2 protein chains.
Amino acid sequence: MLKFHEYRNPALAIDLVVFGYYEKVLSVLLLNRNEEPFKNGWTLPGAFLQMEERFSEACGRILKTKLGMEHLFLEQLYSFDEPGRDPRGRVISVTYFALVNPRNFGLAAGKMANDVSWHDIKKMPELGFDHKKIFKKALERLRSKILYFPVGFELLDEMFTMTELHELYECILDISIDRRNFRRKILDSEYIIDTGQKREGLQNRHPSLYKFNKKLKQHNFNLNVS
Amino acid sequence: MLKFHEYRNPALAIDLVVFGYYEKVLSVLLLNRNEEPFKNGWTLPGAFLQMEERFSEACGRILKTKLGMEHLFLEQLYSFDEPGRDPRGRVISVTYFALVNPRNFGLAAGKMANDVSWHDIKKMPELGFDHKKIFKKALERLRSKILYFPVGFELLDEMFTMTELHELYECILDISIDRRNFRRKILDSEYIIDTGQKREGLQNRHPSLYKFNKKLKQHNFNLNVS
DNA sequence: CTTACTTTGCGTCATATTAACGCAAACATG
DNA sequence: CATGTTTGCGTTAATATGACGCAAAGTAAG
């Protein structure tokens, strides 16, 4: 067997699937590459892991330097290992997915640096490397996770209306959910709190604003939608 | 930014959590190390990833050479990145969990090579590296997965009685489940098929033998136990 | 074979959850 | 003010769940 110091191994990259939700559209941040391979093609943002860096630090570095974002919800997704996935040589990719409210970063669709942009998940371009596969895995994870864990709040403002939350779920899951049943289930689950406040606006009264109940223990939620 | 060929990165290991079920006990395969670090301590079986090897190939290599096993159920678990997790230097570990019926390999408790043995998950020794953490993650995954996916069949013989399946679920989840309600749910889910056969034995009649329904589509199962 | 005990298969029933949808008050718009 | 939409709350039938009864089938021992 190989001794530790003799060991030579594949390169290790971190790639990110950053989801954003804005005006009823779920999007993913893509980078337009300015170098080979896949020059001028779209890929997920990523970087090689530094020698003493943790995965989460690498994620933070990518988010900050390439995208100008900080303190996002991050979760490890999967590690990809196909030998041909990077034409430059063997690269293992550990992937994470992130959720962000684009409004917190002034990054509404179309207003970003010219090599980074949001792409509606229903209108994705071709992606370089095996990033299509990674994206699919991330979307699948988001969809299954939101059914039992209140992960969607990361995509909304701190306070939101029931309608906004309902639209978010319909958009992410790509199904229609009965508004009244959704309301009942979400309220029963105690995942959100009625702040009693209203959004100040044009007229006198408005629908209630809710916020995420951070004190909630995890597994008492099961949005069993058809 | 670093050029691809200049890049130097952490070492990459694969570690396995191999679960086996035998005589109503759920166990994990551990290796007694014969070299530093953690000499004479227990660890999960693992190896460094070879340059052109896929994760699944490395898993197969570990299973075959260290444990004499082949063709197990394998699923990627998580990738671990703490800088101090290996005293020899920076090692990233991509982990998998495997399910095996020990009877298929003649590996009943205590009958293995002297440096490999099954350990009841309720009586685990101290583990080297961060392997305790990996083991916990694997057990958590197994427990949550078995509630919505028929993953337990990998641990039983091809044909099994309802009682055996029921005992397996109680053992893995470490709870008691009403026998009659379990039966109803499992049969309603169509996850198993009544083979019509009986186990040949001492007397004339025996309980039905069932087998896993391989044609089943995935997500129509929800064992909602209390 | 008979008796006593355990295991297995099937059924009942009260309660909880779900899906589908009604409706009126609050709200927006011209 | 008149009209259409949004929001909050409720009802109901169908289904799922948890707790448990019971008898036929199977086992063990005299």
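Shown above is the structure to which this text applies.
Since the model is a prediction, treat every value here as computed from it, not as a measurement.

## Overview of the pairing of strand E7 (residues 116-120) of chain B
Residue and element names in this part refer to chain B.
- Where burial is concerned, most of E7 is hidden: five out of the five residues are buried.
- With burial as the criterion, each face of E7 is covered, one bearing Val116, Trp118 and Asp120 and the other bearing Ser117 and His119.
- Pairing between strand E2 (residues 25-32) and E7: five bridges, direction antiparallel. Looking across to E7, one finds that Val28 is bridged to His119.

## A short note on the interface of chain B and chain A
- Facing the 34 residues of chain B at the interface are 35 residues of chain A.
- Summing both partners gives a buried area of about 3200 Å² for chain B against chain A, and 57% of it is carried by carbon and sulfur.
- Taken together, the links from chain B to chain A amount to two salt bridges.
- Inspection of the region where chain B meets chain A yields 13 residue pairs in polar contact (both at pLDDT 80 or more).

## Let's talk about the nonpolar core
- Among the nonpolar cores identified, the biggest contains 46 residues, and Val18 and Met69 of chain A together with Val18 and Met69 of chain B are the most heavily contacted of them.
- Leaving out residues up to four positions away in the same chain, Val18 of chain B has contacts with Ser27, Val28, Leu29, Leu63, Leu67, Met69, Leu72, Ala98, Val100 and Trp118 of chain B.

## Let's talk about the relation of the copies chain B and chain A
- At an RMSD of 0.1 Å, chain B and chain A line up after a rotation of 179° and a shift of 0.0 Å along the axis. The two molecules are tied by a two-fold rotation axis, judged by turn and shift.
- The residues that chain B uses at the interface reappear at the interface of chain A in 100% of cases, marking a shared surface.

## Observations regarding unusual backbone geometry
- For the bond running from Glu36 of chain A to Pro37 of chain A, omega is -5°, close enough to zero to count as cis.
- One can find Pro37 of chain A in the loop between strand E2 (25-32) and strand E3 (42-43).
- One non-glycine residue, Asp174 of chain B, adopts positive backbone phi at about 60°.
- Inspection of the secondary structure assignment puts Asp174 of chain B in the loop between helix H3 (162-173) and helix H4 (179-189).
- Of note, Glu190 of chain B is a non-glycine position whose phi angle comes to about 65°, a positive value.
- By the element assignment, Glu190 of chain B lies in the loop between H4 and strand E9 (192-198).

Here is what the cut-offs are and how they apply
- Residues numbered from 1 in each chain as written.
- Chains lettered and ligands numbered in written order.
- Predicted model: local features only at pLDDT ≥ 70, side-chain atom pairs only at ≥ 80, totals over all residues.
- Heavy atoms only, no water.
- Buried < 20%, exposed > 50% of the residue type's maximum accessible area, 1.4 Å probe, protein only.
- Helix = DSSP H or I, 4+ residues; strand = E, 2+ residues; numbered from the N terminus.
- Pairing = 2+ DSSP bridges.
- Contact = heavy atoms within 4.5 Å.
- Buried area = accessible area lost by both parts, 1.4 Å probe.
- Salt bridge = Lys/Arg side-chain N within 4 Å of Asp/Glu carboxyl O.
- Polar contact = N/O pair within 3.5 Å; in protein donor to acceptor, adjacent residues only side chain to side chain.
- Core = buried A, V, L, I, M, F, W, Y, C linked by side-chain atoms within 4.5 Å.
- Least-squares fit on C-alpha atoms with pLDDT ≥ 70 in both.

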